[in-house]
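Close look at the chain arrangement
Here's the letter readout for the chains.
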Amino acid sequence: MPNQNADGDVIDIALHNVRVQNFDKTISTIPTKRFLTDAFKNWRSMHECGGRRIKRALDLDQNTVRFLTAQEQQEFQRFFLIRDYLEDKQAEITDWNRVMLPSDQAASAVNSRRMTNLGVFRAYVLQYLRSHPKLRQDLAMMVRQLPPSPTGLPLEIYCFTNTTIWVDYEMIQSDIFDHLLAILPEFGLSIFQQPSGRDWQVLRAD
């Protein structure tokens, strides 16, 4: 209950008060009537299901999103997680272009469907999550774009860990995003972030 600064386990329920042991081991005493008037979140279902949700986004620099060349598509074959995706997607695009485009327009790249580095990265992230041993494969899992904003294009990762233990959960989540941040440049993408002092120093040097 944010309004009561309470976030933890209920340890006592009395007629007029409910006592909560917070995660930092402090105790909050909440008038029972507050449970009828104030909003609160119940963590019990999360503990019982055995999985805890990860819902976090990478803010991508939209200026780095582009179409892939044929050579780049071939180079991505070295990522074993997306080999099948690349083959299936290229077959789908080739069939679409053959059926939908007149022969006199098929040779022009602007008229045809093509793969993008962002689309391939989304496929990679999804396959990475599906192969992760510490994620629940029987619960919802997806990688999706959120509406663009002044801070970039959010690419949201939505999945569940196979544990509800707070420390383990944070380690799993951090390991996933460590990997994604490190692998991102391989796809020609970059993270959007506000200019820092170092950026201004580089501009002055140029």
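Anything mentioned here points back to the structure above.
Here we summarise the structure given alongside this text. (Residues numbered from 1 in each chain as written. Predicted model: local features only at pLDDT ≥ 70, side-chain atom pairs only at ≥ 80, totals over all residues. Heavy atoms only, no water.)

Re the nonpolar core
Threshold: Nonpolar core, defined: a set of buried Ala, Val, Leu, Ile, Met, Phe, Trp, Tyr and Cys residues in which side-chain atoms within 4.5 Å join the residues together. Burial classification: accessible surface area is computed with a 1.4 Å probe over protein chains only, and a residue below 20% of its type maximum counts as buried, one above 50% as exposed, and the rest as partly exposed. Helix and strand assignments follow DSSP, with helices taken as H or I runs no shorter than four residues and strands as E runs no shorter than two, numbered in order from the N terminus. Residue contacts follow a heavy-atom distance rule, with two residues in contact if any of their heavy atoms lie within 4.5 Å.
Membership of the largest hydrophobic core comes to 35 residues, with the highest contact counts inside it found for Phe121, Tyr124, Leu129, Ile176 and Phe187. In terms of residues, this core owes the most to one element, helix H5 (residues 117-130), which gives 8 residues. Not counting chain neighbours up to four residues away, the residues in contact with Leu129 comprise Leu135, Gln137, Met141, Val143, Ile157, Cys159 and Ile176. Core analysis: the next-biggest nonpolar cluster, separate from the first, contains 5 residues, Met1, Val18, Val20 and Ile30 among them.

Digging into the sheet that holds strand S3 (residues 27-31)
Our working rule: In this analysis, strands are considered paired if DSSP registers two or more bridges between them. Whenever a helix is involved, its axis is fitted only over the stretch in contact; in every case the axis is a line through C-alpha atoms, and angles between N-to-C directions fall within 0 to 180 degrees.
Taken in spatial order, the 3 strands line up as S1-S2-S3 in an open sheet, and their pairing is antiparallel. Looking at the sheet topology across the chains shown, the edges are occupied by strand S1 (8-13) and S3. With direction set aside, neighbouring strand axes in the sheet form an average angle of 30 degrees. In this structure, S1 lies alongside strand S2 (residues 17-22), joined through 5 bridges in antiparallel fashion.

What about the packing of H5 against helix H6 (residues 166-183)?
The test is simple: Oblique is the label for any angle not under 35 degrees, not over 145, and not in the 65 to 115 range, which are roughly parallel, roughly antiparallel and roughly perpendicular in turn. In this scheme the handedness of a crossing depends on how the near helix is turned from the far one: anticlockwise by less than a right angle means left-handed, clockwise means right-handed.
At a minimum axis distance of 12 Å, the contact between H5 and H6 shows a crossing angle of 150 degrees. On the basis of the axis angle, H5 is roughly antiparallel to H6. The element H5 and its partner H6 pack so that their crossing is right-handed. Packed against H5, whose contacting residues are Phe121, Tyr124, Val125, Tyr128 and Leu129, the element H6 presents Asp175, Ile176, His179, Leu180 and Ile183 at the interface.

As for the sheet that holds strand S4 (residues 52-60)
One open sheet holds the 3 strands; their spatial order is S4-S6-S5, and the pairing between them is antiparallel. Pairing within the sheet leaves two strands with one partner each, and these edge strands are S4 and strand S5 (142-145). Pairwise comparison of adjacent strand axes, ignoring direction, gives a mean angle of 20 degrees for this sheet. Sheet topology note: the S5/strand S6 (residues 153-161) ladder contains 4 bridges and is antiparallel. Looking at the pairing, Met142 lines up with Tyr158 of S6. On the sheet, H5 packs against S4, S5 and S6 and is oriented at approximately 155 degrees with respect to S5. Each of S4 and S6 touches H6; the most contacted strand, S4, lies at about 25 degrees to it.

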